[in-house]
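An overview of the molecular structure
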Amino acid sequence: MAQSMSMKQIGARHMSCAVDIMEWSNKMDLIAYGTEKGEVVIQRLNWQKIVTFPSPGEDIKVKGLSWQHDETVVAVGYSNGQVSLLDVEREECISNLNYDDEIKNVYFSKPINTPDFRQLYRNKTEITHDFFLPSLPQLNSLGVSSKVQEHKSFAKGTPSFLVVLLKSGKVHLLLLGALKAGCIDLSKHVLFAEELEVYDVRLSGDFDAMYALVRYGNQLNVLHFRNPVFSEYMSPMMKLAQYCANILETKNYINNTLQCMLEAWETVLLEMDNKLTNYANKQIEGFLSADFMELLVFGYATNEIEEFLTQDLTEKGVKKLQNSVELSYSTIQSLVSKPLQMATINMFYFLNTIKGLARVLHYFEPLLIQTSTETAVRQCGAFLMKIMETQQVIDQSVNDMKLFFSWLCVVIVRLHQQDVTEDMAQLSMEDTIYLAEYLNSFEDSVVENSDGSVTKRKFNLEKVGQYLEDKPLQQVLKTDMHHMWQKLLDEHECLRNSTLLYPHEKNLSLIQQRDKLFAAIDLVFEKPNESISAGFELDGTFVCRQLTKSPEDNYEFIKMSYFVCESKKLDLVAVTIGWQECLILGFDSKFTQMQMFRLQSLPGPFTKELSSDLESLSFADLQFYNDGVISLLLVNKGEEKSQSYFVQFPLDQAKTNSSLHTLPQEYLNVSDFSAVHSIFDIIDSSCFKGMDSLCSHLSVSGCRKVASLLSDKRKKMIIFEMEIEDDDDEIEMSQNSMLDISKESAVS
């Protein structure tokens, strides 16, 4: 037996629950599989579990699974329309995408000729951001206890598209899993859209063609699409996708930082605010500030204030609250001054670079709009100004709180008719005036509801929390009207409305300003999605078979596998068009010729005598092993005994017996032009590897030389090592030694 056709079983195990889908990694000896519980499990060849990613919810199934080429990132599509990028090495979720329909399949395309995508367009800004921009600090190093502390990043190495196929027939493309690079609705390209069912969609290795296996009416077709935008602008798209990935990472970091700020604020400040608000709500409007002003100026306390300070708040409670507030403010200050400000500066750099790229019309005219990039840069500048304003409010609030609490401690001591100790701060005349202005601002704002109505005034003690709410500021920071820059803007309208100056929107909170920035960024990346979506052209329809529906099968026999053959410059497509027949198509990279080969699992006219187990085989699954072999899983469901067979079928035999057709052709019925060949007339029956149990699913990896099969109940997994050498030492090698080699390979 040829070495490429040989195989050896190295393990089999019953799984704890049924497995729905599985996929081997090209980089390491790792297999990812999705269970019936919606979990995604990563394990080694020796069955050691590396990590388990939980299901996003109840009754949610894994519909698609794919490893990013040469990376440790796995794309997972769920039945609820969610697509997650999971980093196996760091055991975290990089990104989540949500669609309005069930996911049919999701995968990373395999690229070829990757250096060519980087040669057409290069500039000096390609690596400068790694050199100039500081690395963002880990949030857990700043003393926060948030669960989201890691800076998650996309894989930016090998160019690849994340292809998301929805059940409705819509296909979404994302370059590097980040940049939305086109969308096509297959229902717009078929005759009977209401009867459309899409089985799989694949992108060519050159990223300039797309193959879709669809059924509408009673026809099973392979559709071929071209998109000139890909071939002409792939290099600029790669550049833009890298910056898009950087921007998405920075957006996630900003969101995590704001979430940490909100948690730090809520731990103490909400408790303080509620305690004081309960007292304020009992007072008549306008009396609150007046009572505290009387206490400050005349030293007279009303019965309500005296009871509140001596019984509800107490001196010990004030000191405890003061320490907690100072600690909380210190954490918020560190989050604003370091990670939030640094992340915004990084964002400004990326957006400003994209603004420059938009001016290179020769490369980026269909991908970027200058006005959109300029708007995003302006909003980033406005967000940075809002961060500075927040920092100023925090500094002011720290001084206000310290002065207010120190005065309350002295007041409480005096109300208890005790002596004021020397260590208690004494107010100077300036402090008294400042405190009087602060107490007078207790009721400067009101709480407005979403319907426009106004509720009772709030105890307006804390001014930082309003910046972390998704509504306009209740207390706008007052500006110095005598400041020279402010006077210059007030006197010159042309300067005030200039696009060269970043707007300072004083009424917006920090959260609202962030949302405006993110909305402007989304508009920047809408243009490439629109341009690429409009470029799809259907230039070939290949009718695989006229189907006759039978109630018992419901077209469950339809399977598809796709492989990019880089050495032969071919796109290979294998389709099962019946329980006992499959079709192998080969398209050259320029789409000028098509090779076609039909294979059946029934005995042919030249077949020698077969055992009864091999006479009525059916295709259960198929997948390309490499550019020279396709793996077939065949089953014989007899009345007395059912058995499965694993076959490595050589593709050179398919090429020898295939028919050749000239392309492009808008419509071609392939079943009219090719003869059917029996698998037993091409390979010997000794090549059929019989399984001990009935199997229904197959997953292979030519790079790692492994294969795995699932039983028909999907609870038993069998693993094979492929391409075994035919010498005595290799045959006698134990299973344990094979697993040791697998572990060493995975580590390397």
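Residues numbered from 1 in each chain as written. Predicted model: local features only at pLDDT ≥ 70, side-chain atom pairs only at ≥ 80, totals over all residues. Heavy atoms only, no water.

1. A look at the overall build of the chain
Of the regular secondary structure elements, the chain holds 15 helices and 33 strands. By residue count, 54% of the 748 residues in the chain fall in the buried class. Contacts spanning at least 24 positions in sequence make up 65% of the contacts within the chain whose residues lie at least 6 apart. Accessible area for the chain stands at about 34500 Å²; split by element, carbon and sulfur atoms hold 48% of it. (Helix = DSSP H or I, 4+ residues; strand = E, 2+ residues; numbered from the N terminus. Buried < 20%, exposed > 50% of the residue type's maximum accessible area, 1.4 Å probe, protein only. Contact = heavy atoms within 4.5 Å. Areas by Shrake-Rupley, 256 points an atom, 1.4 Å probe, with all protein chains shown as cover.)

2. Overview of unusual backbone geometry
Omega for the bond connecting L663 with P664 falls within 30 degrees of zero, at 0°, which places this linkage in the cis form. Residue placement: P664 occurs in the loop between β27 (659-662) and β28 (667-669). Unlike most non-glycine residues, F207 shows phi in positive territory, near 65°. Relative to the helices and strands, F207 is located in the loop between β14 (197-203) and β15 (209-216). A relative accessible area of 0% places F207 in the buried class. Of note, R714 is a non-glycine position whose phi angle comes to about 60°, a positive value. Structurally, R714 is set in the loop between β32 (706-711) and β33 (716-722).

3. Quick word on the packing of aromatic side chains
As enumerated under the stated definition, the model contains 19 aromatic pairs in all. Aromatic side chains F404 and W407 sit 6.3 Å apart centroid to centroid with 45° between the ring planes, which places their arrangement in the tilted category. Taken together, the positions of F404 and W407, both in helix α7 (residues 370-415) and 3 residues apart, correspond to about one turn of that helix. Like F404, the residue W407 is buried in the burial classification. Between F680 and F688, the ring centres sit 5.2 Å apart and the planes meet at 10°, which makes this aromatic pair stacked. By relative accessible area, F680 is classed as buried at 9%. It is K251 that lies over the ring of F518; its NZ or CZ is 4.9 Å from the centre. (Phe/Tyr/Trp six-rings, centres within 6.5 Å; stacked < 30°, edge-to-face > 60°. Lys NZ or Arg CZ within 6 Å of the ring centre and 35° of its normal.)

4. Looking at the environment of L174
Tracing the backbone shows L174 in strand β12 (residues 170-175). For the pair formed by L174 and V164, sequence separation is 10 residues and the distance between their alpha carbons is 8.2 Å. Those residues in contact with L174 that lie beyond four places of it in its chain are L97, Y99, S160, F161, L162, V164, L179, K180 and A181.

5. Notes on the sheet that holds β33
Strand order across the open sheet formed by 4 strands is β1-β33-β32-β31, with antiparallel pairing between neighbours. Edge positions in the sheet fall to β1 (7-14) and β31 (695-701), since each has one partner strand and no second. Within this sheet the neighbouring strands show an average axis-to-axis angle of 20°, counted without direction. As defined by bridge partners, β31 adjoins β32 across 6 bridges and the pair is classed as antiparallel. Residue pairing across strands places S699 opposite S708, the latter belonging to β32. (Pairing = 2+ DSSP bridges. Axes fitted to C-alpha atoms, helices over the stretch in contact; angles between N-to-C directions.)

6. Considerations on the pairing of strand β5 (residues 49-53)
Bridge count between strand β4 (residues 40-44) and β5: 4 bridges; the pairing is antiparallel. When the bridges of β5 are listed, I42 appears paired with V51. Hairpin connection of β4 to β5: 4 residues between the antiparallel strands, including W47 at a positive phi of 75°.

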